[in-house]
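What follows is each chain in one-letter form.
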Protein chains: 2
Amino acid sequence: MKKFVNNVDDMLAESLSGFAAIHGDIVALGEGNLFVRRAMPDKSKVAVISGGGSGHEPLHAGFIGTGMLDAACPGHVFTSPTPDQMLAAINAVAGDPGVLLIVKNYAGDRMNFEMAVEMAEGKIATVVTDDDVAVENSTYTTGRRGVAGTMIVEKMVGALAETRASLEDCRLLGVEVNARTRSMGVALTSCTVPAAGRPTFDIDDTEMEMGVGIHGEPGRRRVPLGTARSIAEEMISTIVADLKLAEKGQGPAILLVNGFGATPLLELYLMAEMARAELARHGITIARGLVGNYVTSLDMAGCSLTVSMVDDRLLRLWDAPVHTAALHW
Amino acid sequence: MKKFVNNVDDMLAESLSGFAAIHGDIVALGEGNLFVRRAMPDKSKVAVISGGGSGHEPLHAGFIGTGMLDAACPGHVFTSPTPDQMLAAINAVAGDPGVLLIVKNYAGDRMNFEMAVEMAEGKIATVVTDDDVAVENSTYTTGRRGVAGTMIVEKMVGALAETRASLEDCRLLGVEVNARTRSMGVALTSCTVPAAGRPTFDIDDTEMEMGVGIHGEPGRRRVPLGTARSIAEEMISTIVADLKLAEKGQGPAILLVNGFGATPLLELYLMAEMARAELARHGITIARGLVGNYVTSLDMAGCSLTVSMVDDRLLRLWDAPVHTAALHW
């Protein structure tokens with residue numbers, strides 16, 4: 001295993017210490033290092049909290065800050081955070097307007113967030129994201145997986161919360177954005193979980209895993225490595241078919257080309273160009289684009305495409321100022 | 001070779017098309033796609049231009065925009081741009097205040113930029129960056145290599161140029177920032193140049209290349225893979241010794257932890273924590289930190305540490321607003 005690490009047990013704690021030290025103007029570690037929160041909490045608004053296993057950085061802690069999240073609970077690598085972590089985060093940032101939890105649809109995450117909600121007091125609502133069109137049910141989920149589209153939900157809900165919108169309005173927005181958002185991923189290599197020390201799956205030099213999950217869990221099928229164009233065509237056509245646009249109106253879209261961790265920008269922008277061309281073929285224009293490593297799978301080579309259909313209101317929420325470690329405008 | 005590509009010959013052009021499409025509010029492709037420039041040029045200020053081989057994205061095109069570069073010339077992967085490219089960029093963005101070229105110290109880049117200067121008219125000055133302390137002379141250089149510190153020079157000079165500073169003041173600032181900036185890198189894996197289709201160098205699963213260059217060229221020595229702490233100690237102590245701080249004053253520093261392309265943020269922030277602790281041991285505090293993939297080597301796993309000693313004036317230039325694809329605050 002070739003990683004920058006001292007010993008595997010300390011890896012997450014040391015990384016979080018570095019994160020908090022570098023971004024001390026934006027974030028602070030919570031009590032007992034159980035969670036990460038804004039350096040300057042604002043309890044006059046709905047608090048937006050997310051969390052999940054680590055290994056997907058910058059998701060979620062990189063999205064803490066003005067205009068996006070108030071706190072995030074990082075579990076161990078690819079492991080759900082505990083209810084205690086979530087409860088500590090809720091107690092630290094909740095004000096009278098209440099707390100919205102944004103939870104990716106994985107059985108462990110949902111169960112632990114639900115246990116935290118039962119233990120917590122005050123107004124709490126939950127939005128579950130399940131934007132991955134690759135598979136119904138999966139290794140770790142009943143229903144679809146929540147993947148890169150989660151950051152789009154976090155961005156827009158975070159922007160709405162800054163306007164002092166109600167908890168119910170924030171929740172409804174999260175549900176709406178999730179419903180308008182679809183993702184699909186492809187892996188060229190496996191990731192290596194530090195505690196395991198070896199690749200999660202074997203894959204031949206001539207193969208790719210189409211529809212891979214963000215923990216390296218299986219996708220739709222193992223197929224020969226295709227051209228960038230053919231990969232984008234399959235992912236975009238699957239996404240567009242699933243969006244059933246005739247029913248939802250065919251507005252412009254936000255395109256997120258998300259690297260899984262080991263794929264360089266040169267290739268990600270090439271994939272953006274292929275996705276753009278394919279979306280155009282379906283009559284969909286790109287209102288905003290984002291290309292980079294946002295919802296990663298440790299050191300996996302590969303990428304996901306996310307398409308989120310927007311209207312003027314959603315675009316304003318997307319464009320609203322955001323000041324986090326990983327997203328800043 | 002596992003990359004997102006249609007065919008190797010079109011890779012750069014397709015990637016640049018995607019880059020320009022996604023960031024059309026910030027950049028535009030220049031005539032004949034020879035260079036990338038700001039979408040809205042401003043000829044009332046010194047134009048700051050850089051360039052070099054592709055494969056280091058987001059350097060340099062990702063740093064075009066208000067507060068940083070005016071144009072960049074992307075050569076083929078790890079290949080210097082041609083004098084024609086540079087001349088076209090100069091002619092497109094030069095105004096009366098003149099043009100400052102920021103050139104990484106590689107023989108090909110320097111020769112071609114010099115040829116472009118000879119062909120161009122108007123006021124032109126050049127700053128050569130050579131921040132890599134790993135080796136004197138190298139595969140592609142006489143003297144030290146220009147690496148990740150180049151982006152710090154570009155940021156600060158770009159900020160000064162926005163204030164309508166003179167060409168000479170911009171040049172002097174570039175020389176000063178370069179002199180205050182040192183970098184060193186380490187590779188855990190090789191990169192794979194698309195046209196070659198195989199790794200640039202062989203490296204054992206238990207080894208690392210200490211002092212590697214950003215094209216995968218040899219560093220100081222091949223050594224057994226160390227702990228993150230020991231790697232940071234060697235890099236920081238080499239950098240600090242080279243800075244000869246007693247002579248230069250021991251101000252605070254900007255720390256850049258730069259991923260080479262295939263190393264995830266979880267590890268880069270861990271390296272940031274190790275670098276921070278090691279700098280503290282040398283009495284150096286971090287005024288600002290930046291962690292991510294900024295000056296990459298295609299799909300190489302590894303990172304570089306850059307330390308740039310600053311004073312209040314330099315910090316103000318660092319903090320000045322910047323609006324580019326890869327850096328935005």
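The model shown is predicted, which means the values in this text are computed figures rather than measured ones. (Residues numbered from 1 in each chain as written. Chains lettered and ligands numbered in written order. Predicted model: local features only at pLDDT ≥ 70, side-chain atom pairs only at ≥ 80, totals over all residues. Heavy atoms only, no water.)

1. Observations regarding unusual backbone geometry
A negative phi angle is the norm for most residues apart from glycine, just as the trans form is the norm for most peptide bonds. Residue and element names in this part refer to chain A. The criterion, for reference: Helix and strand assignments follow DSSP, with helices taken as H or I runs no shorter than four residues and strands as E runs no shorter than two, numbered in order from the N terminus.
Look at the link from Leu-59 to His-60: it is a cis peptide, with omega at -10 degrees. With respect to the helices and strands, the residue His-60 is situated in the loop between β3 (47-54) and β4 (65-66). One non-glycine residue, Asn-33, lies in positive phi territory at about 55 degrees. Note that Asn-33 resides in the loop between β1 (27-29) and β2 (36-38).

2. Considerations on the state of the cysteines
As a reminder of what qualifies: The disulfide criterion is simple: two cysteine sulfur atoms within 2.5 Å.
Across all of its chains, the model carries zero disulfides over all chains by this definition. The cysteine Cys-303 of chain B is free of any disulfide, with Cys-191 of chain B supplying the nearest cysteine sulfur at 15 Å.

3. Considerations on the relation of the copies chain A and chain B
Inclusion rule: A least-squares superposition brings the copies together, and it is based on the C-alpha atoms of residues with pLDDT no lower than 70 in both. In what follows, a contact means two residues having at least one pair of non-hydrogen atoms within 4.5 Å.
The transformation that overlays chain A on chain B combines an axial shift of 0.0 Å with a rotation of 180 degrees, and the residual RMSD is 0.0 Å. Considering both components of the superposition, the chain copies are consistent with a two-fold axis. Taking C-alpha positions as reference, the residue of chain A nearest the rotation axis is Ala-262 of chain A, located at 1.8 Å. The overlap is high: 100% of the interface residues of chain A also sit at the interface in chain B, so the same surface is used on both sides.

4. Focus: the domain arrangement of chain A
In many analyses, interface size is given as the accessible surface area lost on bringing the parts together. All names here are of chain A. The criterion, for reference: An automatic or database domain assignment is the source of the domain bounds shown. By convention, the term buried area covers the 1.4 Å-probe accessible surface removed from two parts as they join, with the contributions of both added. A pairing counts as a salt bridge when a side-chain nitrogen of Lys or Arg comes within 4 Å of a carboxyl oxygen of Asp or Glu. N or O atoms closer than or at 3.5 Å make up a polar contact, with two conditions inside protein: a donor-capable atom paired with an acceptor-capable one, and, for residues adjacent in sequence, both atoms drawn from side chains. When residue character is reported, Ala, Val, Leu, Ile, Met, Phe, Trp, Tyr, Cys and Pro are called nonpolar, Asp, Glu, Lys and Arg charged, and the others, Gly included, polar.
As far as domains go, chain A holds domain 1 (8-180 + 320-324) and domain 2 (181-312). The gap between the C-alpha centroids of domain 1 and domain 2 is 22 Å. Taken together, the contact between domain 1 and domain 2 spans 32 residues of the former and 39 residues of the latter. Summed over both partners, the interface of domain 1 with domain 2 buries about 2800 Å², with 62% contributed by carbon and sulfur atoms. The largest contributions to the domain 1 side of the interface with domain 2 come from Phe-78, Val-133 and Arg-180, which together make up 24% of the buried area. Between domain 1 and domain 2 we count three salt bridges in total. Across the pair Asp-311 and Arg-180 runs a salt bridge whose closest N-O atoms are separated by 3.5 Å. Counting the contacts that link domain 1 with domain 2 gives 18 residue pairs in polar contact (both at pLDDT 80 or more). Contributing elements (two or more residues each) for the side of domain 1 that touches domain 2: α4 (149-162) and α5 (167-179). The biggest single contributor to the side of domain 1 that touches domain 2 is α4, with four residues. Per-class residue counts for the side of domain 1 that touches domain 2 are 19 nonpolar, six polar and seven charged.

5. Looking at the packing of aromatic side chains
Residues and elements named next belong to chain B. Short version of the rule: Any pair of Phe, Tyr and Trp rings, taking the six-membered ring for Trp, is counted once the centres come within 6.5 Å. Such a pair is stacked with planes under 30 degrees apart, edge-to-face with planes over 60 apart, and tilted for the rest. Here's how the labels work: a residue is buried when its accessible area is under 20% of the maximum for its type, exposed when over 50%, partly exposed in between, all with a 1.4 Å probe on protein chains only.
One pass over the full model with this rule turns up four aromatic pairs over all chains. A centroid spacing of 5.5 Å and a plane angle of 55 degrees characterise the contact between Trp-318 and Trp-329, whose relative ring orientation is tilted. With Trp-318 in helix α9 (residues 312-319) and Trp-329 in the segment after β14 (323-324), this pair connects stretches of sequence that are eleven residues apart. Exposure remark for Trp-318: the relative accessible area of 3% places this residue in the buried category.

6. Regarding the sheet that holds strand β7 (residues 124-129) of chain B
Hydrogen bonding along the main chain pairs the strands of a sheet, whether they run parallel or antiparallel. Residue and element names in this part refer to chain B. Spelled out, the test is: Whether two strands pair comes down to DSSP finding at least two bridges between them. Fitted lines through C-alpha atoms give the axes, limited to the stretch in contact for helices. The angle between two N-to-C directions lies from 0 to 180 degrees.
Spatially, the six strands line up as an open sheet ordered β1-β2-β5-β3-β6-β7, and their pairing is mixed. Two strands in the sheet have a free side with no partner beyond their single neighbour: β1 (27-29) and β7. In this sheet, adjacent strand axes meet at a mean angle of 25 degrees when their direction is disregarded. With three bridges connecting them, β1 and strand β2 (residues 36-38) associate as antiparallel partners. Among the inter-strand pairings, Ala-28 is bridged to a residue of β2, identified as Arg-37. Where helix α1 (residues 11-22) meets the sheet, its contacts fall on β1, β2, β3 (47-54) and β5 (71-77), and the angle it forms with β1 comes to roughly 145 degrees. Lying on the sheet, helix α4 (residues 149-162) is in contact with β2, β3, β6 (99-104) and β7; it crosses β6 at an angle near 170 degrees.

7. Details of the packing of helix α2 (residues 83-93) of chain B against helix α3 (residues 107-119) of chain B
All names here are of chain B. Our working rule: Note on terminology: angles under 35 degrees are roughly parallel, angles over 145 are roughly antiparallel, angles of 65 to 115 are roughly perpendicular, and the others are oblique. In this scheme the handedness of a crossing depends on how the near helix is turned from the far one: anticlockwise by less than a right angle means left-handed, clockwise means right-handed.
At a closest axis distance of 8 Å, the pairing of α2 and α3 adopts a crossing angle of 50 degrees. In this view, α2 runs oblique relative to α3, as classed from their interaxial angle. Like other packed secondary-structure pairs, α2 and α3 cross with a definite hand, here right-handed. Along its contact with α2, which presents Pro-83, Asp-84, Met-86, Leu-87 and Ile-90, the element α3 presents Asp-109, Asn-112, Phe-113, Met-115, Ala-116 and Met-119. Partitioning the contact of α2 with α3 into residue classes produces eight nonpolar, one polar and two charged.

8. Focus on the interface of chain A and chain B
Taken together, the 57 residues of chain A in the interface contact 57 residues of chain B. Both sides of the chain A and chain B interface together cover about 4700 Å² of buried area, and 68% of this is carbon and sulfur. The largest contributions to the chain A side of the interface with chain B come from Lys-2, Phe-4 and Leu-266 of chain A, which together make up 22% of the buried area. Applying the counting criterion to the chain A and chain B interface returns four salt bridges.

9. A closer look at the pairing of β3 of chain A
All names here are of chain A. Counting buried residues in β3 gives eight out of eight residues, a clear majority hidden from the surface. Taken together, the four bridges between β3 and strand β6 (residues 99-104) define a ladder with parallel strand orientation. Following the sheet pairing, Ala-47 is matched in β6 by Val-99.

10. What about the nonpolar core?
The line we're drawing: Note on terminology: a nonpolar core comprises buried Ala, Val, Leu, Ile, Met, Phe, Trp, Tyr and Cys residues joined through side-chain atoms within 4.5 Å.
Residues Met-156 of chain A together with Met-156 of chain B are the most contacted members of the largest nonpolar core, which totals 203 residues. By size, the runner-up hydrophobic cluster in this structure holds 18 residues, among which are Ala-47, Ala-71, Val-99 and Val-103 of chain B.

11. Examining the pattern of salt bridges
A pair can form between side chains of opposite charge whenever their charged atoms are brought close. All chains considered together, the criterion is met by 44 salt bridges over all chains. As a salt-bridge pair, Asp-70 of chain A and Arg-38 of chain A come within 3.4 Å of each other at their nearest N and O atoms. Within this pair, whereas Asp-70 of chain A is found in the loop between β4 and β5 (71-77), its partner Arg-38 of chain A is found in strand β2, the two being separated by 32 residues in sequence. Here Asp-70 of chain A and Arg-38 of chain A have matching classes, each one buried. A salt bridge links Arg-222 of chain B to Glu-207 of chain B, with the nearest nitrogen and oxygen atoms 3.5 Å apart. In this pair, Arg-222 of chain B is assigned in strand β10 (residues 221-224) and Glu-207 of chain B in strand β9 (residues 207-210), connecting sequence segments 15 residues apart. Connected through shared salt-bridge partners, Arg-38, Lys-45, Asp-70 and Glu-162 of chain A make up one network.

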